Amino acid sequence: AETLPLSGRHMVVTSGPTHEPIDPVRYLANRSSGKQGHAIAAAASAAGAKVTLVSGPVNLPDPADVTMIHVETAAEMLLAVTEALPADVAIMSAAVADWRVASEGQQKIKKDGSGAPPSLNLVENPDILATIGHHESLRPSLLIGFAAETQNLLENAKGKLERKRADWIVANDVSPETGIMGGDRNTVRIVSADGVEDWPALDKTEVARRLVSRIATHIGPAKS
Ligand code: C5P
């Protein structure tokens, strides 16, 4: 068979938002569309990798030729990622909710007539990227995270590289005026121990192709 740039390699990709339940009919979420993560999974598969895509709720078709795992919450995503490992590469492009509601209501919360709103008690979610980054046996040899920021982009990206033990951080400015969140285009900077690489504004599918090509240059196909 033809050897493709990532033949024999296993890649785990996370994508989309997570939904954190408040009660049976309500949830906390964010504006992630999953477009970038899904495009990465599709590009990696086209490059010959065996891809496991773990996605939160999105309005996108499942990419062709990937093993798809649909989840809702951050806790479910962490479990699915852990079960999908080991892998040669993991790319955490999901916009995981930082917090979840401490105790999910078993019944729909009702107005009590007093005019006083209920208060939501939030607790921090597990950080999937950091958990994998610090894991002795499950950590892939190439671990890539994203940093979606509205300010201090490079500083925050470099902090994440260290704190989460990622090898590369794909940093993007998601200020509303950029239109990146939910949009089709993305302007990213690749932050690694070697420095910072600025990429021009590109379609998310092209960002995915370039990222996969950079990965292939870094690790290549599996030795057979
Ligand atoms: O939310 P934050 O900007 O810290 O996310 C940076 C990176 O960490 C992203 O790659 C994201 O997928 C990952 N992350 C995660 N689990 C979380 C929060 C973030 O894997 N709970």
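Just so it is clear, the model here is predicted, and its values are computed rather than measured.

Engineer: I tried to follow the pairing of strand β2 (residues 20-23) on my own but got confused; where do I start?
Structural biologist: A regular strand places its side chains so that they alternate between the two faces of the sheet. Relative to strand β3 (residues 26-28), β2 runs antiparallel, the two sharing three bridges. Along β3, the bridge assignment pairs Asp 23 with Arg 26. Counting the residues between successive antiparallel strands, the hairpin from β2 to β3 contains two residues.

Engineer: What exactly am I supposed to notice about the side chain of His 38 here?
Structural biologist: Relative to the helices and strands, His 38 resides in helix α1 (residues 35-46). Owing to a relative accessible area of 5%, His 38 belongs among the buried residues under this scheme. Among the polar contacts listed, one links the side chain of His 38 to the side chain of Ser 15, at a separation of 2.9 Å.

Engineer: Which parts of the structure should I look at to understand the packing of aromatic side chains?
Structural biologist: Aromatic rings in a pair are described by how distant their centres are and how their planes are angled relative to each other. Within the structure shown, the criterion is met by zero aromatic pairs. Just above the ring of Trp 168 sits the side chain of Arg 214; from NZ or CZ to the centre is 4.5 Å.

Engineer: What is the right way to read the pattern of salt bridges from this model?
Structural biologist: Applying the stated criterion to the full structure yields 11 salt bridges. Among the ionic pairs, Glu 149 bridges to Lys 160, the shortest N-O distance being 2.4 Å. Of this pair, Glu 149 sits in strand β9 (residues 142-149) while Lys 160 sits in helix α4 (residues 153-163); the two residues are 11 residues apart in sequence, bridging distant segments of the chain. Here Glu 149 and Lys 160 have matching classes, each one buried. The shortest N-O distance in the salt bridge between Arg 210 and Glu 206 comes to 3.4 Å. Within this pair, Arg 210 and its partner Glu 206 are both found in helix α5 (residues 204-219), separated by four residues, close to a single helical turn. Its relative accessible area of 34% is what places Arg 210 among the partly exposed residues.

Engineer: Can you help me understand the sheet that holds strand β10 (residues 168-173) in this one?
Structural biologist: Backbone-to-backbone hydrogen bonds pair the strands of a sheet. The strands run either parallel or antiparallel. Spatially, β5-β4-β1-β6-β9-β10-β12-β13 is the arrangement adopted by the eight strands of the open sheet, whose pairing is mixed. The open sheet has two edge strands, β5 (67-70) and β13 (195-198), and neither has a second partner. When strand polarity is set aside, the average angle formed by the axes of neighbouring strands in this sheet is 15 degrees. Relative to β5, strand β4 (residues 50-55) is paired through four bridges, and the arrangement is parallel. By the bridge assignment for β5, Ser 55 is matched with His 70. Strands in contact with α4 are β9, β10, β12 (188-192) and β13; relative to β10, the strand with the most contacts, it is inclined by about 155 degrees.

Engineer: Explanation requested: the layout of surface pockets in the structure shown.
Structural biologist: Remark: the empty space left among the atoms is shown by a probe the size of a water molecule rolled over them. Approximately 1100 Å³ is the volume found for the largest pocket. Taken together, 40 residues line the largest pocket, and the ones lying closest to its centre are Ala 94, Ala 95, Val 96, Asp 98 and Ala 148. Elements with a minimum of two residues in the lining of the largest pocket: β1 (10-15), α1, α3 (128-133), β9 and α4. Of the residues in the lining of the largest pocket, the class split is 17 nonpolar, 14 polar and nine charged. Space inside the second largest pocket adds up to approximately 210 Å³. Along the wall of the second largest pocket there are 13 residues; nearest its centre are Lys 35, His 38, Ala 39, Lys 204 and Thr 205. Residue assignment for the lining of the second largest pocket shows that the elements contributing at least two residues are α1 and α5. Of the residues forming the lining of the second largest pocket, the biggest block, five residues, is contributed by α1. Class assignment for the residues of the lining of the second largest pocket results in six nonpolar, two polar and five charged.

Parameters and conventions
- Residues numbered from 1 in each chain as written.
- Predicted model: local features only at pLDDT ≥ 70, side-chain atom pairs only at ≥ 80, totals over all residues.
- Heavy atoms only, no water.
- Pairing = 2+ DSSP bridges.
- Helix = DSSP H or I, 4+ residues; strand = E, 2+ residues; numbered from the N terminus.
- Buried < 20%, exposed > 50% of the residue type's maximum accessible area, 1.4 Å probe, protein only.
- Polar contact = N/O pair within 3.5 Å; in protein donor to acceptor, adjacent residues only side chain to side chain.
- Phe/Tyr/Trp six-rings, centres within 6.5 Å; stacked < 30°, edge-to-face > 60°.
- Lys NZ or Arg CZ within 6 Å of the ring centre and 35° of its normal.
- Salt bridge = Lys/Arg side-chain N within 4 Å of Asp/Glu carboxyl O.
- Axes fitted to C-alpha atoms, helices over the stretch in contact; angles between N-to-C directions.
- Contact = heavy atoms within 4.5 Å.
- 1 Å grid on protein atoms, 1.4 Å probe; cavity = no way out; pocket = protein on both sides within 12 Å on 5 of 7 lines; lining within 4 Å.
- Points joined across faces, edges and corners; volume = space filled by probe spheres on them.
- Nonpolar A, V, L, I, M, F, W, Y, C, P; charged D, E, K, R; others polar.

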